[in-house]
Amino acid sequence: MTWLHFMILFPFMFAIFVPFIYKRLTPRIHTGWFVLFVPLIIFIYLLTYIPKMAKGDVFTSTVKWIPAYSINFTTYLDGLSLVFGLLIAGIGSLVILYSIFYLSKHREALHNFYVYLLLFMGAMLGLVMSDNYYVLYVFWEITSVSSFLLIAYWYERDRSRYGAQKAMLITVFGGLAMLAGLIMLSIMADTTSIRETLLQLNQIHSHELFIPAMILILLGAFTKSAQFPFSIWLPDAMEAPTPISAYLHSATMVKAGIYLVARLTPIFGGTIEWFWLVVGIGIFTLLYGSFNAVKQTDLKALLAYSTISQLGLIMSLLGLGSAALYKDLGVDEAALYATAIFAAIFHLVNHSTFKGSLFMVVGIIDHETGTRDLRRLGGLIHLMPISFTLTVIGSFSMAGLPPFNGFLSKEMFFTAVVNASHMEIFNLQHIGILLPIVAWIASVFTFIYCMILVFKTFRGKNKAPKLDKEVHEAPIGLLISPMILGVLVIVFFFIPNLVSKYLLKPAFASILPSLAHTVDSKKISAFHGFNTELWMTIGVVALGTILYLLLKKWYKIYRLYPQAFTLSNLYNLSLEYVEKLSKSITNFYMTGFLRDYLVYIFGFIIIIIGGSLLLFNGVTFDMSQDSPISIFDIGIVIAMIISSVTVLLSKSRITSIVAVGALGFLVSFFFVLFRAPDLALTQLVVETVTTVLFLLCFYHLPQLKKEISRVRFKAVNAIVSIGVGVVGTIIALSANGTHLFDSISSYYEDSYKLAGAKNIVNAILVDFRGIDTMLEILVLTVAGLGVYTLIKVKLVGGDKSEIIIEITISKRMHDK
């Protein structure tokens, strides 16, 4: 195991000790101080790889897990996984530092919080560094489970439970779809390795499973990254504490789908289906999120929709850049379109900085004012000047204004959509002009909600006196983390080429290695002259400012759309319908009668097993090697048939019990004929004990009464009974006549040499299957103790318990 493996497993291992730390030290020291060094160590360790990645190095290592199925824990650290790893560990460190001052060590269950957070951190690290499809999926689902626990951290609140359930249902649905797609992909490439799949592209692209695998994998990516129409879970997930929102929904969980699309772009990119699915969903999500963010009155809801919008922007950039892999493009044209991939990575990093800072500032506002409702906020600029400054930095960066890093990546986004409008592939020569138009409109709404976030909160009339708390600036502990991110927002604007050299270009080379040389000389600049992109930005600012000032005039358009047709409402209705449907189905087959349940079970056996035998030609009768049947065998079988029929036709329970016992004793005779005296003796003992127990129990039940049943009722019973008997007989005869493998019995023939036992049966029970026998003895011991306890209760209770039993039985008979 390498240090990379250890860094992935480190959060999981440390999570084991968190409850003990919390129990022992929380009254004196906040648990977060002990947890903080976990992401810090991982972050510092990953920093050492930056110079190596800049040189083009890649690090891989394998730990055997399930080699028989080609499932091994293979870590693969390249430029792309390094960027995500640094974001996961870096933002994680700041979030934990922020949570130390945000969450009370006395009122909050901090052991739960940090255990869930560490589980999520480890899962995300494993996800972005796994080369094996199935290991990646395991970590993918751990992120879903741990995020469910984090969102439901305040589980006593209805909205928290609802948001957690919503996120779980949608993301797990996508995860299962993704698993099916990954299985198809591994079948097509005949490997479970992502790197090895890249060597089989011609074979994969011509395979009939290529499109289904693509769609299923994108379902997983879209659900996790809150793309339309699966974006409805993200706003409800804001019920989680702010540190969780800042971590899951700005830098990590919602970026998992982005990572998956980026990682698999070399496999699926260059095809029209991949291009339009990723670009189309991404660009529409960008517009949908930005448009809906404007109408939000809750600050975290506004940030939730803004996150949806920004994720759509990154997703659309990945789709636009995938056109560079189109096989008929020249190097220069491919390099032009590949710029979108570079912009996606850049905006991914920028978004994590400004959005993480904004989430933390909103948490500070909620923490210090007691509300996130914009209608109750205003005039906080003088009371919270540092928070105001941080909000301006984050919001203006998200709006794409200089001198903040969001301006640089937003300009590159405009360049990508303008370039796409000139493409002559994928039918873009006809509808490509729509991409820059939609992108520009969405950017206008982005500018508006950024202005709302800043000015509706901090400017205007001072409403602080009407709040329940005395408003003041947050303590320095809460401000450190957003201040660090705010500084990075500005620093990245002034040193973008340094960031590009050590982070962006290696990540770009991981996605498009054949075009890595095209960005070696690429320089990021804040000003490229008065080109189309700059005029688009000027138009966004101008129109956005006008629409913001006239917001009250046109805000009523949001009321025109009926709430009954919103995605969340449709989700709720579908959930209610599914619950009602499942309840009606359950009520249909849960009749309360044992007979009906047996009909379902046996009917299923007849249909599935019997049908499979017929469908796959599994019926084979070969009796040529069987031993001859003696007159004793025939006599015992006839006696067994008579005993079985007696059980069915008897009108007395005592007679039925005796007939069942006789059936068991007759089976023991077969063991005697087959020269297995030990089994015969065991069978006799078991039958004697069970028969006696049956007689003791049924002694207290009333006599059987004649049942009046309809012919249909009896016919169903007869059909099911005969069907099970026929299927069982066919299975037994077919198994006896079919030998797919050599019999294992020859191994046990040498039992004296292997176990020192002269009796094969004893050797099997005591030596070869000793543990199994021990467990069977344990089961019998537990059952014996239960019988003994019941007898003791009967003796202590005396006649009273017997009267209660008789009254209960009589009442049930009366009810029937």
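Scroll up to find the structure.
Residues numbered from 1 in each chain as written. Predicted model: local features only at pLDDT ≥ 70, side-chain atom pairs only at ≥ 80, totals over all residues. Heavy atoms only, no water.

Trainee: Sorry, what's going on with the overall build of the protein here?
Mentor: Regarding its fold elements, the protein presents 37 helices and two strands. Expressed as lengths along the three principal axes of its C-alpha atoms, the size of the protein is roughly 105 × 65 × 55 Å. The buried share among the 816 residues of the protein stands at 48%. The long-range share in the protein, meaning contacts at least 24 apart out of those at least 6 apart in sequence, stands at 79%. Entry remark: accessible area of the protein is about 40900 Å², with carbon and sulfur atoms responsible for 69%. Counting 58 positive and 46 negative side-chain charges, the protein places the centres of these two groups 12 Å from one another. (Helix = DSSP H or I, 4+ residues; strand = E, 2+ residues; numbered from the N terminus. Buried < 20%, exposed > 50% of the residue type's maximum accessible area, 1.4 Å probe, protein only. Contact = heavy atoms within 4.5 Å. Areas by Shrake-Rupley, 256 points an atom, 1.4 Å probe, with all protein chains shown as cover. Lys, Arg positive; Asp, Glu negative; His and termini not counted. Charge placed at Lys NZ, Arg CZ, Asp CG, Glu CD.)

Trainee: Looking at this structure, I do not really get the pairing of strand E1 (residues 59–66). What am I missing?
Mentor: Remember that side chains alternate between the two faces of the sheet whenever the strand is regular. Where E1 and strand E2 (residues 71–77) come together, seven bridges link them in antiparallel fashion. In the strand pairing of E2, Ile-66 is matched with Ile-71. Between E1 and E2, which pair antiparallel and follow one another directly, the connecting turn spans four residues, one of which, Ser-70, has a positive phi of 55°. (Pairing = 2+ DSSP bridges.)

Trainee: Looking at this structure, I do not really get the packing of aromatic side chains. What am I missing?
Mentor: For any two aromatic rings, the description comes down to two numbers: the centre-to-centre distance and the angle of the planes. Tallying each qualifying case throughout the model produces 40 aromatic pairs. With a centroid separation of 6.4 Å and 75° between ring planes, the pair formed by Phe-10 and Phe-14 is classed as edge-to-face. One end of the pair is Phe-10 and the other is Phe-14, both in helix H1 (residues 3–15) and four residues apart, which spans about a single turn. Owing to a relative accessible area of 11%, Phe-10 belongs among the buried residues under this scheme. A relative accessible area of 11% places Phe-14 in the buried class. Here Phe-413 and Phe-414 contribute two aromatic rings whose centre-to-centre distance is 6.0 Å and whose plane-to-plane angle is 35°, an arrangement assigned as tilted. According to the relative accessible area criterion, Phe-414 is buried, its value standing at 0%. Put simply, the rings of Trp-3, Phe-6, Phe-10, Phe-14 and Phe-37 pair up and form one aromatic cluster. (Phe/Tyr/Trp six-rings, centres within 6.5 Å; stacked < 30°, edge-to-face > 60°.)

Trainee: Whenever I open this one, a nonpolar patch on the surface confuses me. Can you help?
Mentor: Side chains of Tyr-577, Val-578, Leu-581, Ile-585, Phe-588, Tyr-589, Met-590, Leu-594, Leu-598, Tyr-600, Ile-601 and Phe-602 sit close together on the surface and give an oily, nonpolar patch of about 1200 Å² of accessible area. Of all the secondary-structure elements, those providing two or more residues to the nonpolar patch are helix H27 (567–589) and helix H28 (594–615). No other element matches H27, which puts six residues into the nonpolar patch. Note on placement: Met-590 falls in the loop between H27 and H28. (Patch = residues over 30% accessible without salt bridge, like charges linked within 9 Å, V, L, I, M, F, W, Y side chains within 5 Å. Salt bridge = Lys/Arg side-chain N within 4 Å of Asp/Glu carboxyl O.)

Trainee: Just checking my understanding: could you explain the environment of Thr-415 for this structure?
Mentor: Position of Thr-415 among the secondary structure elements: in helix H20 (residues 405–421). For the pair Thr-415 and Ile-365, spaced 50 residues apart in the sequence, the C-alpha separation amounts to 36 Å.

Trainee: Quick question: what am I supposed to make of the side chain of Thr-265 here?
Mentor: Its location among the elements puts Thr-265 in helix H15 (residues 253–268). What makes Thr-265 buried here is its relative accessible area of 0%. Excluding residues that lie within four positions of it along the chain, Thr-265 makes contacts with Trp-274, Ser-322, Leu-325 and Ile-511.

Trainee: Quick question: what am I supposed to make of the pattern of salt bridges here?
Mentor: Side chains that carry opposite charge are capable of pairing whenever their charged atoms lie near each other. The tally for this structure, following the rule as stated, stands at ten salt bridges. A salt bridge links Arg-263 to Asp-78, with the shortest nitrogen-to-oxygen separation between them at 2.7 Å. Of this pair, Arg-263 sits in helix H15 while Asp-78 sits in the loop between E2 and helix H6 (79–102); the two residues are 185 residues apart in sequence, bridging distant segments of the chain. For the pair Arg-263 and Asp-78, one class covers both residues: buried.

Trainee: Could you clarify how one ought to interpret the pairing of E2 in this entry?
Mentor: Along E2, seven of the seven residues are buried, which leaves the element largely enclosed by surrounding structure. Of the two faces of E2, the one lined by Ile-71, Phe-73, Thr-75 and Leu-77 and the one lined by Asn-72, Thr-74 and Tyr-76 are each fully buried.

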